[in-house]
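# An overview of the molecular structure
These are the residues of each chain, in order.
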Amino acid sequence: VQEISGSKITIAGEQSYDIAGGGTTEGATTQLAATGADTFIVAVTGTACPQTLGFVPADWKPLTYVNITCSGRLSLSLAKGRDEGAYSMQATLDPSNPEDQKTPAVQQFFTEGASVGLTQAEMEDGVVAAGWGFANLFAKALELSKTVTRADVMNAIYSLQKVHQGLMREGSVASTDGAEDPWIL
């Protein structure tokens, strides 16, 4: 058990798993459930994320947060029905949300997506929308690059300054700072 300095938050446990060795998150999930924690943060990617929700014991009812790549309908269809009540947060518009569907950015996404053969169901899935957003950021990096070489494109990505692209919510921007903070959001 570890406290986070300056807060009332205590970390009850942390687990990893061997994805390269073909492992699953079942054992890690069982160990975390045994702590009795009231919050469960699922920070794994790919199919392991929704599968992790399927491993949550029926008698453990923590407040559950999943990462953005896990929050799409397609991903959550692998959660064995255990996705009900899971939370996720994103800085982007959600093409499956009727309110977000009214925005010009989502309307443009639907138009452009349909023009390259995406179905409405595919466009409303969070995984496709996330990919579309990252493709928009990559296109911006190409635009900002002096030349189209790996080094120049990577340098452009690592030095984005308040870029608003793709399906980002109004007021959200992407900024990076090389080695100090290479993460886009």
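Let us look at the structure shown here. The residue count restarts for each chain, going from 1 along the sequence in the order it is written. Confidence filtering applies because this is a predicted model: local features only for residues at pLDDT of at least 70, side-chain atom pairs given and counted only at 80 or more, and all residues used for totals across whole chains, interfaces and linings. Excluding hydrogens and water, the side-chain values take into account all heavy atoms of the structure.

### Looking at the environment of Glu143
Within the secondary structure layout, Glu143 lies in helix H6 (residues 126-144). The spatial distance from the C-alpha of Glu143 to the C-alpha of Asp59 is 52 Å, given a sequence separation of 84 residues. Comment: elements are numbered from the N terminus, with helices defined as DSSP H or I runs of at least four residues and strands as E runs of at least two.

### Focus: the state of the cysteines
Pairs of cysteine sulfur atoms within 2.5 Å are identified as disulfides in what follows. Tallying each qualifying case throughout the model produces 1 disulfide. With a sulfur-sulfur separation of 2.2 Å, Cys49 is cross-linked through a disulfide to Cys70. Residues Cys49 and Cys70 are joined by a disulfide whose S-S torsion is about -95 degrees; by sign, that bridge is left-handed. Here Cys49, found in helix H2 (residues 48-55), pairs with Cys70, found in the loop between strand E4 (63-66) and helix H3 (73-76); they are 21 residues apart in sequence, far enough to count as distant. When accessible area is computed with a 1.4 Å probe and restricted to protein chains, residues below 20% of their type maximum are described as buried, those above 50% as exposed, and intermediate ones as partly exposed. You can call Cys49 buried: its relative accessible area is 0%.

### Looking at helix H7 (residues 150-157)
Residues three or four positions apart in an α-helix share a direction because the helix packs 3.6 residues into each turn. Those residues of H7 that sit buried are Val153, Ala156 and Ile157. With its buried residues spanning 100 degrees around the axis, H7 presents them on a single face. We call two residues contacting when some pair of their heavy atoms lies within 4.5 Å. Elements in contact with the buried residues of H7: H6. Here the arc refers to the set of directions running from the helix axis out to each C-beta atom.

### Thoughts on the pattern of salt bridges
For salt bridges, the criterion is a side-chain nitrogen of Lys or Arg within 4 Å of an Asp or Glu carboxyl oxygen. What the rule picks out here adds up to 3 salt bridges. Salt-bridge contacts for Glu99 lead to Lys102; the nearest nitrogen and oxygen are separated by 3.0 Å. In this structure, Glu99 and Lys102 share a single accessibility class: exposed. Ionic pairing is found between Arg169 and Asp100, a salt bridge with its closest N-O pair at 2.8 Å.

### A look at the packing of helix H4 (residues 104-115) against H6
Their axes nearest at 12 Å, the elements H4 and H6 cross at an angle of 95 degrees. On the basis of their axis angle, the class for H4 and H6 is roughly perpendicular. Across the interface between the two elements, Phe109, Glu112 and Gly113 from H4 touch Val128, Ala129 and Trp132 from H6. Considering only residue class, the contact of H4 with H6 consists of 4 nonpolar, 1 polar and 1 charged. Throughout, an axis means a line fitted to C-alpha atoms (over the contacting stretch in the case of helices), and angles, computed between N-to-C directions, take values from 0 to 180 degrees. Here the angle decides the label: under 35 degrees means roughly parallel, over 145 means roughly antiparallel, 65 to 115 means roughly perpendicular, and every other value means oblique. Ten residues, namely Ala, Val, Leu, Ile, Met, Phe, Trp, Tyr, Cys and Pro, are considered nonpolar, four, namely Asp, Glu, Lys and Arg, are considered charged, and the remaining ones, Gly among them, are considered polar.

### A short note on the packing of aromatic side chains
Stacked, tilted and edge-to-face are the three classes assigned to paired rings of Phe, Tyr and Trp, where Trp is represented by its six-membered ring and a pair needs centres within 6.5 Å; plane angles under 30 degrees give stacked, over 60 edge-to-face, the rest tilted. The full count for this structure, using the stated rule, is 4 aromatic pairs. With 5.9 Å between their ring centres and 35 degrees between their planes, Phe109 and Phe110 make a pair best called tilted. Taken as a pair, Phe109 and Phe110 share a single burial class, namely buried. Geometrically, the ring pair formed by Phe109 and Trp132 is edge-to-face, given 5.0 Å between the ring centres and 70 degrees between the ring planes. Linking Phe109 in helix H4 with Trp132 in helix H6, this pair joins segments that are 23 residues apart in sequence. The exposure class assigned to Phe109 is buried, which follows from its relative accessible area of 1%. Here a set of aromatic residues connected by ring pairs shows up, and it is made of Phe109, Phe110 and Trp132.

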